[in-house]
Amino acid sequence: MAFGVGPGGRARPFGRAEPLRVPTTTGSSSAEAKPRPTDRPILLLSVQRGTLSIELDAPFAVGPLVVDELAISLPSVRFPVDLTGGVTRFRHRRGVLGRLGVSTRTEDLAAFAAPRARGVLGEGTPEVGIVATEMGLRVGMRLGRAALAFDVVIAPNERDVRLVPERARGVGLGAPPHVLALRVMAEVCRPFGRLAGSAVILPDAVASLVRHVMPAAGARAPSVHGARWEAPAVEEMRLSLRADATASPPALVAATIRAIEQAELTADADAIAASGDLEEARRRYLLALERAPRHPEISSRIAWIDVAEGERAEAALSTLVDAIPAIDAGLLGGALLAAIGDEGGAIAAFSRAAHAEAFGPLAALVWLEVARISSELATRLDALDQAVVRSPMLEDARWARIEARLDVGDAQGARTDAEHLEAAARGPEARHRIWSRAADAFLSRGYVAEARVLFERALRYAPDSPEAALGLALSLRAAGEGRRALDLLARAASLAARAGRTLPSVEIELARALVEHASDRPAAIARVRAIPPGLVQTAEARALEGRWRAELGDLAGASLALARLREAAEAVSPDDPDRAAAVAAMLVEAADIEENARGDLRAAQRHLSVAIRLRPRDRQIGAAFRRLSTELGRVAPPPQAAPPPVPVEEIAPSDRAPSFTPPAPSVEAARPMDEAPTNEEEDENDELLVERLTDKLRANPHDHEVALRLADALARLGRDLELFALLSARIEEGGEEVRRELWPRKRAVLERLAETARAEGRPSEAELYEMMAASEED
């Protein structure tokens, strides 16, 4: 696909001139093995039919290509002629190219393309596979969980060669697959090829080749006028191209002609898409679709752009089904059906695509996608079996099947897969990694005895591994051998310290063992305190420290540790459900310690507010938060001490007010009964009203009118926490009609609570109230 110097370094200039060799036959026997390519071109003189020619004596490698035929006639040389000196005497004569033949083994082409495709699928160098087809090449590449496959149609045009990608597809890609295919081809063909619209063109490839070969042999490049490429030929795992001065225009197959027509239609859109402007490219594709309605490939490229942009599944599906049924659209159809929740349709589309896919690693990744979206265990296991069959060396498929087999109790089958992974691994480090991971999978699913054996096998390859020692210790503890586990945990900590490392998991498990088997809480606290902030295990370490300090009676230290737990929990994302649930449980325990051991309701409420952020749909956490809010609202602020009275003797006579005795009030001076009460009287009346309405609501919780009057009274008194708890309970217990009625009140309460919290220097609490208001509104 590209022309350049091979891995051996720079091409050598012309060296030893070969003596004259006149072939006695016009061709070689088909039974003869092809000679191996040389690292420099070797030329010879040939006399045929009264014409002197310079020919290539042995194949010559040019990058991944092999020039295995080259014949240059010298029409200016007339017989008789002195041939003494061989090629050296005629190497400065300008000849005319008669024949040029190049070929490539697909294996060599894949090895050449792999490093040049680095960065397309990810940071590393992808695994590349190439096979020859009637139209050209079929290319596949994989890196991790990303894979790309496409066909390359080779369309010779006089002396140029056009390479047109089509049927691009893939999984785990960050861009439309056709765009990535164009980028790969452009990178592999640099600097001799250039991207032009929908194709990569090798301009005047005939001249480029002979200009590279002949000067390297110390001879003059010939004229290539009249030379024309023939159609590509495929034999076994080799692709060949021939150029001849007497060749007719190539007879292209129907599929190649269709690819050329399609490239003409989408040239502008493909060029814009390759530059990165997907929105403009989509608009150009739509214009092309107007010219060629219901074109399957153009419709697919529009849909791939919508998939890459995200949240356009419906639009992409609408575009696609106008040209082809989604279930027949391969990976694209499966991805779109899965995005709209059609599990059965997605599985059918993915399965068809995987069965039809020629690139094994891509097919295996598609089967992994089937296993991921399938809700039926039998379908999932069958998909994983298919993935392993299509790509036995794909580690992700093996690991997924190990976990699935353990889930159904097939420990022997899971171990067999782990042994396959070990056999494919190279080096003790890789084998240690495999057995450690397999042992963790066994242990996490309760296979204690098997996990113990596998951890011991991992230690065989890395006897000083603290991680393997930790895993073995956990296996022993699960088997009831706590004392041995404690010794192994201490050894794991010692190994980590010897290597200058601190493993939080080792420190936490050793601290647990010290508490469970040695009742040494102070030493355990020292272990977990050594875990620095900012790690995944930081929250667990602070929670354990707070629990053990509370058990020792150090409530002040426990409160400080739990406050640090809350700070660590602030960095946890609700998008990680497993970790969010675990940290929320720690915060609930911290709130219980603060409430029941220390009596600090405000601190307990802060812990629960962070827990609600992590688990906003957890009813128990929400109920506990509302209960604490209600109790905090009922606690009256401590009365301010009245200033001591000043003795009359200490007041100067000039400062004393004149004595005055108020007259007795008369009946006429009394306030009329219908006169408005003062603010103090209103508050006093509302306090009594709240107590009276609360009793009524407890007697009949379904009395909605009483609840509304109680909410009005709480709002007038400014008891927002109690009002928030009341409204939340009514909304949770009522239907959609109650929610629509009470939501404006609840939103106003949340806004007031957020404003108050922010004014009192509690920004995290204010953000919680604002988040609750926004989530309710959504």
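Just so it is clear, the structure is predicted and the values come from calculations on it, not from any experiment.

Draft legend 1. Quick peek at the pattern of salt bridges. Tallied over the full model, the rule gives 52 salt bridges. For R301, the salt bridge goes to E297, with nearest N and O atoms at 3.3 Å. With R301 and E297 both in helix α8 (residues 296-309) and 4 residues apart, the pair spans about one turn of that helix. One connected set of salt bridges, linked through shared partners, spans D385, R398, R401, R405, D410 and D417.

Draft legend 2. View of α8. Relative to the 20 Å expected for 14 residues at 1.5 Å per residue, α8 spans 20 Å between its end C-alpha atoms, a close match to the ideal helical length. Of all 14 residues in α8, 10 are buried; the element is thus mostly enclosed. Every buried residue of α8 is accounted for by E297, I298, S299, S300, R301, I302, A303, W304, I305 and D306. Note on α8: the residue one or two positions beyond its end, G310, has a positive phi of about 85 degrees.

Draft legend 3. Structural view of helix α28 (residues 704-717). End to end, α28 covers 20 Å across 14 residues, agreeing with the expected 20 Å (1.5 Å per residue, within 8%). Turning to α28, its buried residues number three or more, namely V706, A707, L708, L710, A711, A713 and L714. For α28, the capping residue at the N-terminal end is D703, with a side-chain oxygen 3.3 Å from the backbone nitrogen of E705. Positive phi appears at G718, one or two residues downstream of α28, with a value of about 75 degrees.

Draft legend 4. Local environment of the packing of helix α16 (residues 428-444) against helix α17 (residues 448-461). Relative orientation of the contacting elements α16 and α17 amounts to 165 degrees, with a least axis distance of 8 Å. Taken as axis vectors, α16 and α17 run roughly antiparallel relative to one another. Helix-helix and strand crossings are classified by hand; for α16 and α17 the assignment is left-handed. On α17, the residues touching P428, R431, H432, W435, S436, A438, A439, D440, F442 and L443 of α16 are E450, A451, L454, F455, R457, A458 and Y461.

Draft legend 5. Quick peek at the packing of aromatic side chains. If you walk through the whole model with that rule in mind, you get 2 aromatic pairs. Consider the rings of F442 and Y447, whose centres lie 5.8 Å apart with planes at 70 degrees: the pair is edge-to-face. Between the aromatic rings of F625 and F724, the centroid separation amounts to 6.3 Å while the plane-to-plane angle is 75 degrees, which identifies the pairing as edge-to-face. Taken together, the residues F625 in helix α26 (residues 619-634) and F724 in helix α29 (residues 720-733) connect sequence positions 99 residues apart. An identical accessibility class is assigned to F625 and F724; each is buried. The ring of F112 has R116 sitting right over it, with the charged end atom 3.7 Å from the ring centre.

Draft legend 6. Examining the sheet that holds strand β8 (residues 146-157) more closely. If you trace the 6 strands from one edge of the open sheet to the other, you get β6-β7-β8-β9-β11-β10, paired in antiparallel fashion. The open sheet has two edge strands, β6 (127-132) and β10 (194-196), and neither has a second partner. With strand direction ignored, the average angle separating the axes of adjacent strands in the sheet is 25 degrees. In this sheet, strand β7 (residues 136-143) lies alongside β6 in antiparallel orientation, the contact comprising 6 bridges. Within β7, the residue paired with A132 across the bridge is L137.

Draft legend 7. Quick peek at the side chain of T694. For T694, the location among the structural elements is in helix α27 (residues 679-699). Since its relative accessible area comes to 19%, T694 is described here as buried. Within the structure, T694 has its side chain in polar contact with the backbone oxygen of V690 (distance 2.6 Å).

Draft legend 8. Quick peek at the confidence of the model for the chain. Of the residues in the chain, 88% reach a pLDDT of 70 or more, and the chain-wide mean stands at 83. In this model, residues 1-32 is a region of pLDDT below 50 whose contacts with residues beyond four sequence positions or in other chains number 55 contacts. pLDDT under 50 marks residues 636-682. Its contacts with residues more than four places away, or in other chains, come to 6 contacts.

Draft legend 9. Structural view of the pairing of strand β5 (residues 96-105). Bridge count between strand β4 (residues 65-73) and β5: 7 bridges; the pairing is antiparallel. When the bridges of β5 are listed, V67 appears paired with V102. Judged from the 7 bridges that link them, β5 and strand β14 (residues 238-244) form a sheet pairing that is antiparallel. Considered in β14, the bridge of V102 is made with L241.

Draft legend 10. Seen up close, the pairing of strand β9 (residues 160-171). Counted residue by residue, β9 has 10 buried out of 12 residues, so it is predominantly covered. Bridge count between β9 and strand β11 (residues 199-202): 3 bridges; the pairing is antiparallel. For R162, the partnering residue across the bridge sits in β11 and is I201.

Draft legend 11. Structural detail: the environment of V102. One can find V102 in strand β5. For the pair V102 and F60, spaced 42 residues apart in sequence, the C-alpha to C-alpha distance is 9.4 Å. Not counting the four nearest positions on each side in its chain, V102 is found in contact with V66, V67, D68, L209, W229, L239, S240, L241 and R242.

Draft legend 12. How the structure looks around the nonpolar core. In this structure, L70, L97, L100, F150, L163 and W229 are the most contacted members of the largest nonpolar core, which totals 63 residues. In terms of residue count, the dominant contributor to this core is helix α4 (residues 205-216) (7 residues). Here L70 is in contact with I54, E55, L56, L97, R99, L100, V210, V213 and M214, once residues within four sequence places are set aside. Grouped together as the second largest cluster of nonpolar side chains are 57 residues, V583, V690, V749 and Y769 included.

Draft legend 13. View of unusual backbone geometry. In this model, R190 is joined to P191 through a cis peptide bond whose omega is 0 degrees. Its place among the elements puts P191 in the loop between α3 (177-189) and β10. Residue D204 is not a glycine yet carries a positive backbone phi of 45 degrees. Inspection of the secondary structure assignment puts D204 in the loop between β11 and α4. Phi at R294 takes a positive value of approximately 60 degrees, unusual for a residue other than glycine. Secondary-structure assignment places R294 in the loop between α7 (278-291) and α8. Here R294 falls in the exposed class, since its relative accessible area comes to 62%.

Draft legend 14. Just the packing of helix α22 (residues 538-552) against helix α23 (residues 555-570), in detail. Orientation of α22 relative to α23, taken along the N-to-C sense of each, is 165 degrees, at an axis distance of 8 Å. Our classification of the angle between α22 and α23 gives roughly antiparallel. Taken as a pair, α22 and α23 cross one another with a handedness that is left-handed. Within the contact between the two elements, α22 uses T538, A539, R542, A543, E545, G546, R549 and A550 and α23 uses L555, G557, A558, A561, L562, R564, L565 and A568. Class assignment of the residues belonging to the contact of α22 with α23 gives a composition of 9 nonpolar, 3 polar and 4 charged.

Calculation rules
- Residues numbered from 1 in each chain as written.
- Predicted model: local features only at pLDDT ≥ 70, side-chain atom pairs only at ≥ 80, totals over all residues.
- Heavy atoms only, no water.
- Salt bridge = Lys/Arg side-chain N within 4 Å of Asp/Glu carboxyl O.
- Helix = DSSP H or I, 4+ residues; strand = E, 2+ residues; numbered from the N terminus.
- Expected span 1.5 Å × (residues − 1).
- Buried < 20%, exposed > 50% of the residue type's maximum accessible area, 1.4 Å probe, protein only.
- Polar contact = N/O pair within 3.5 Å; in protein donor to acceptor, adjacent residues only side chain to side chain.
- Axes fitted to C-alpha atoms, helices over the stretch in contact; angles between N-to-C directions.
- Parallel < 35°, antiparallel > 145°, perpendicular 65-115°, else oblique.
- Left-handed = near helix turned anticlockwise from the far one by under 90°.
- Contact = heavy atoms within 4.5 Å.
- Phe/Tyr/Trp six-rings, centres within 6.5 Å; stacked < 30°, edge-to-face > 60°.
- Lys NZ or Arg CZ within 6 Å of the ring centre and 35° of its normal.
- Pairing = 2+ DSSP bridges.
- pLDDT = per-residue confidence, 0-100.
- Core = buried A, V, L, I, M, F, W, Y, C linked by side-chain atoms within 4.5 Å.
- Nonpolar A, V, L, I, M, F, W, Y, C, P; charged D, E, K, R; others polar.

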